[in-house]
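What follows is each chain in one-letter form.
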Amino acid sequence: MGSEGSSRVVVPRNFRLLEELERGEKGIGDGTVSYGMDDADDVYMQSWTGTIIGPPNTVHEGRIYQLKLFCGKDYPDNPPSVRFQTRINMSCVNQETGMVEPSLFPMLANWQREHTMEDILVQLKKDMMSPQNRKLAQPPEGNEDARVDHKGIVLRCCIL
């Protein structure tokens, strides 16, 4: 019953995202990393929110970092875009936009279809513990308002 060639099953995008959603809702490991959908009505399952609790014995200890992950229609063949909403000083994060720069974050630069959003969050947490990031001075807490996602702005008006 040997298989000829290397045939492997490719899980369709929506099934893959449903698996990730289920795993995210159950909780991951020690609970210091979590993720879920941003909008339950998003039928394309593109917009996600992640949370990382800063690792102990680093400048990140006790801080709660909020992230946005956006899975385009070509996910998981291509990586999601990842952006810290909470201000953070890390070697792979653009200080102005909060975007995790793929060229500076090997998991995104060398993306493989098998990687997941959970893998990204866990790796970011590990990078917080790396020698180049563990002692970097951090912006003061409570300044998340300066980085707002402008795509989701909804204007409401009423006629009096």
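Residues numbered from 1 in each chain as written. Predicted model: local features only at pLDDT ≥ 70, side-chain atom pairs only at ≥ 80, totals over all residues. Heavy atoms only, no water.

Taking an unreviewed UniProt entry as the reference, the protein chain is identified by name as UBC core domain-containing protein belonging to Rehmannia glutinosa.

Next up on the list: the overall build of the protein chain. The helix and strand inventory of the protein chain stands at three helices and four strands. Starting at the N terminus, the α and β elements of the protein chain follow one another as α-β-β-β-β-α-α. Put simply, the protein chain has 160 residues, and 41% of those count as buried. Nonlocal contacts in the protein chain, meaning residues at least 24 apart in sequence, comprise 54% of its contacts between residues at least 6 apart. (Helix = DSSP H or I, 4+ residues; strand = E, 2+ residues; numbered from the N terminus. Buried < 20%, exposed > 50% of the residue type's maximum accessible area, 1.4 Å probe, protein only. Contact = heavy atoms within 4.5 Å.)

A few words now on the nonpolar core. Ranked by internal contacts, the top residues of the largest apolar core, which has 28 residues, are W48, F84, V100 and L124. For this core, the elements supplying multiple residues, two or more each, are helix 1 (13-26), strand 1 (33-37), strand 2 (47-53), strand 3 (64-70), strand 4 (81-84), helix 2 (106-109) and helix 3 (117-128). For this core, the element with the most residues is helix 3, which contributes five residues. (Core = buried A, V, L, I, M, F, W, Y, C linked by side-chain atoms within 4.5 Å.)

Another aspect to go through is the side chain of H60. The residue H60 is located in the loop between strand 2 and strand 3 in this model. Take H60: its relative accessible area is 0%, and that puts it in the buried class. A polar contact of 2.8 Å, which involves the side chain of H60, links it to the side chain of Y65. A polar contact of 3.4 Å, which involves the side chain of H60, links it to the backbone oxygen of N133. When neighbours within four sequence positions are excluded, H60 is seen to be in contact with G54, P55, Y65, I88, N89, M90, M128, N133 and Q138. (Polar contact = N/O pair within 3.5 Å; in protein donor to acceptor, adjacent residues only side chain to side chain.)

Moving on: the environment of N57. Positionally, N57 belongs in the loop between strand 2 and strand 3. With 72 residues separating them along the chain, N57 and M129 place their C-alpha atoms 8.3 Å apart.

Okay, the sheet that holds strand 2 next. What the four strands build is an open sheet, ordered 1-2-3-4; its pairing is antiparallel. Looking at strand neighbours, the two that pair on one side only are strand 1 and strand 4, the edges of this open sheet. Along the sheet, successive strands turn relative to each other by an average axial angle of 20 degrees, direction set aside. Inspection of the sheet shows strand 1 paired to strand 2 by five bridges, in the antiparallel sense. (Pairing = 2+ DSSP bridges. Axes fitted to C-alpha atoms, helices over the stretch in contact; angles between N-to-C directions.)

A word on helix 1. Taking 1.5 Å per residue, 14 residues should reach 20 Å; helix 1 reaches 20 Å between its end C-alpha atoms and fits that length. Every buried residue belonging to helix 1 is among R13, R16, L17, E20, L21 and G24, and all of these are buried. One side of helix 1 holds all its buried residues, which, seen down the axis, span an arc of 140 degrees. Every exposed residue of helix 1 that faces more than 90 degrees away from the buried side is listed here: F15, E25 and K26. Looking at the buried side of helix 1, the elements it contacts are strand 1, strand 2 and helix 3. Of the residues one or two after helix 1, G27 is the one with positive phi, at around 95 degrees. (Expected span 1.5 Å × (residues − 1). Arc of directions from axis to C-beta.)

With that settled, the discussion passes to unusual backbone geometry. Cis peptide bonds are those with omega within 30 degrees of zero, and the linkage from Y75 to P76 qualifies with 10 degrees. By the element assignment, P76 lies in the loop between strand 3 and strand 4. Here the phi dihedral of N57 falls at roughly 60 degrees; this positive angle occurs in a residue that is not glycine.

Between its first and last C-alpha, helix 3 extends 17 Å over 12 residues, near the 16 Å set by a 1.5 Å rise per residue. Every buried residue belonging to helix 3 is among M117, E118, I120, L121, L124, K125, D127 and M128, and all of these are buried. Summarising the contacts, the buried residues of helix 3 are in contact with helix 1, strand 1, strand 2, strand 3, strand 4 and helix 2.

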